[in-house]
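Residues per chain are reported as follows:
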Amino acid sequence: MAIGNRPPRSVLLPVLGGLVVLAWMALWWLGQSDYGWLFHRHGVAHHHPAPALPGGVETGLFLAGWLVMTVAMMLPTTVPLINVFRRMTSARQRSAGFTALLLAGYLAAWLVFGVAALALLSLLQLAIEFGGRLDEQTWMLSMVLFVAAGAFQFSKLKYACLDKCRIPAGFVISHWHGRRPALESFKIGWSHGLFCVGCCWALMLLMFAVSTASLAWMLVLALVMAVEKNVPWGRRASAPLGAVLLIFGLSLGAYHAIL
């Protein structure tokens, strides 16, 4: 076995931690730039002045920003999965490469969801522009996202996906056979990423429910998702969180209805 091809486990977490820190720094920098609205899709709910860009460039920048957000917010929640996978494949050469393929599959699943989210937000933007009442549509969009996220916290799909995310050892054992290690590594990341999307998609969309998407808001959402997936009592927190989101969304609607 070529030990040089497999960095010690002690190196893995610092490397992942460095990637996460770099991602948060990139998000901060992008948020301060003239094109920060692209990465948080501010333009969906607000007419912030922004430089005109070709559609393809705007789409590419949004997806790049989405990928950076995924690394910053979701990669920390995959540490238990990565640790289990590394132990499973530690006897093999190119173990580090297999871990990289797992991460690539995981990020690919979130990137596909980013494409779907972009399509949804574009349709909402068209609806807002067609309605011609931007101020009213803004709070309505936020209300819908909060209510939808709160209701989803009580769904069977939420808990089915969450349970898969919370038991990484069983997930890896059931998917790893070792006959085609490169393909299996990617598929484990992809499959786990799909369950992660199924668990957290509604919470991720809450990034677009506030008037100004901020690092503080993203940090709160990242912490909530990490607690749900990795903390022993995290599963029990899903329903109370759903109640809070529902109450907030309905209260937002009631507040604007009586104005």
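Residues numbered from 1 in each chain as written. Predicted model: local features only at pLDDT ≥ 70, side-chain atom pairs only at ≥ 80, totals over all residues. Heavy atoms only, no water.

A. Structural context of the pattern of salt bridges. On inspection of all chains with the given rule, the structure shows two salt bridges. Between Glu228 and Lys158 there is a salt bridge, with the nearest N and O atoms lying 2.8 Å from each other. In this pair, Glu228 is assigned in helix α10 (residues 215-230) and Lys158 in helix α7 (residues 156-166), connecting sequence segments 70 residues apart. We classify Glu228 as buried; its relative accessible area is 1%. For Arg235, the salt bridge identified is with Asp163, shortest N-O distance 2.7 Å. Residue Arg235 is located in the loop between α10 and α11 (238-257), and its partner Asp163 is located in helix α7; the two are separated by 72 residues in the primary sequence. Judged by relative accessible area, which is 35%, Arg235 ranks as partly exposed. Taking relative accessible area as the criterion, Asp163 reaches 30% and is therefore assigned partly exposed. (Salt bridge = Lys/Arg side-chain N within 4 Å of Asp/Glu carboxyl O. Helix = DSSP H or I, 4+ residues; strand = E, 2+ residues; numbered from the N terminus. Buried < 20%, exposed > 50% of the residue type's maximum accessible area, 1.4 Å probe, protein only.)

B. View of the packing of aromatic side chains. Evaluated as defined, the whole model comprises nine aromatic pairs. Their ring planes at 50 degrees and their centres at 6.2 Å tell us that Phe146 and Trp217 sit as a pair that is tilted. In this pair, Phe146 is assigned in helix α6 (residues 134-152) and Trp217 in helix α10, connecting sequence segments 71 residues apart. An aromatic cluster is built from Phe62, Trp66, Trp110 and Phe113, whose rings are joined through pairwise contacts. (Phe/Tyr/Trp six-rings, centres within 6.5 Å; stacked < 30°, edge-to-face > 60°.)

C. Main features of the confidence of the model for the protein chain. In the predicted model, the protein chain carries a mean pLDDT of 82, and the fraction of residues at 70 or more is 82%. Mean pLDDT across the elements of the protein chain bottoms out in helix α2 (residues 36-40) (58) and peaks in α7 (95). Here residues 1-8 is a poorly scored stretch, pLDDT under 50, and it has 16 contacts once near neighbours within four places are set aside; other chains count. (pLDDT = per-residue confidence, 0-100. Contact = heavy atoms within 4.5 Å.)

D. Main features of the packing of helix α9 (residues 181-205) against α10. The N-to-C vectors of α9 and α10 enclose an angle of 150 degrees; their axes lie 11 Å apart at closest approach. Comparing their axes, α10 and α9 come out roughly antiparallel. Relative to α10, α9 is oriented so that their crossing is right-handed. Of α10, the residues touching α9 (which contributes Cys196, Cys199, Cys200, Leu203 and Met204) are Leu221, Val224, Met225, Glu228 and Lys229. The residue makeup of the contact of α9 with α10, split by class, is eight nonpolar, no polar and two charged. (Axes fitted to C-alpha atoms, helices over the stretch in contact; angles between N-to-C directions. Parallel < 35°, antiparallel > 145°, perpendicular 65-115°, else oblique. Left-handed = near helix turned anticlockwise from the far one by under 90°. Nonpolar A, V, L, I, M, F, W, Y, C, P; charged D, E, K, R; others polar.)

E. Broad picture of α9. When the terminal C-alpha atoms of α9 are compared, their 34 Å separation across 25 residues agrees well with the 36 Å that a helix rising 1.5 Å per residue should span. For α9, the principal kink sits at Cys199 and spans about 50 degrees. (Expected span 1.5 Å × (residues − 1). Bend = angle between axes of the 7 residues up to and from the residue.)

F. Geometry of α7. Within α7 the residues assigned to the buried category are Lys158, Tyr159, Cys161, Leu162 and Cys165. Along the axis of α7, the buried residues cluster in a sector spanning 165 degrees; they form a single face. (Arc of directions from axis to C-beta.)

G. Main features of the environment of Leu13. Assignment of secondary structure puts Leu13 in helix α1 (residues 9-32). Each C-alpha atom of the pair Leu13 and Ile82 lies 9.4 Å from the other, and the pair is 69 residues apart in sequence. Apart from residues no more than four positions distant in its own chain, Leu13 is found in contact with Val79 and Asn83.

H. Fine view of the packing of α7 against α9. Interaxial distance between α7 and α9 falls to 8 Å at its minimum, and their mutual angle equals 130 degrees. The pairing of α7 with α9 is recorded here as oblique in orientation. In this structure, α7 crosses over α9, and the sense of that crossing is left-handed. Taking contact as the criterion, the partners of Lys158, Cys161, Leu162, Lys164 and Cys165 in α7 are, on α9, His192, Phe195, Cys196, Gly198, Cys199 and Leu203. A class-by-class count of the residues in the contact of α7 with α9 yields seven nonpolar, two polar and two charged.

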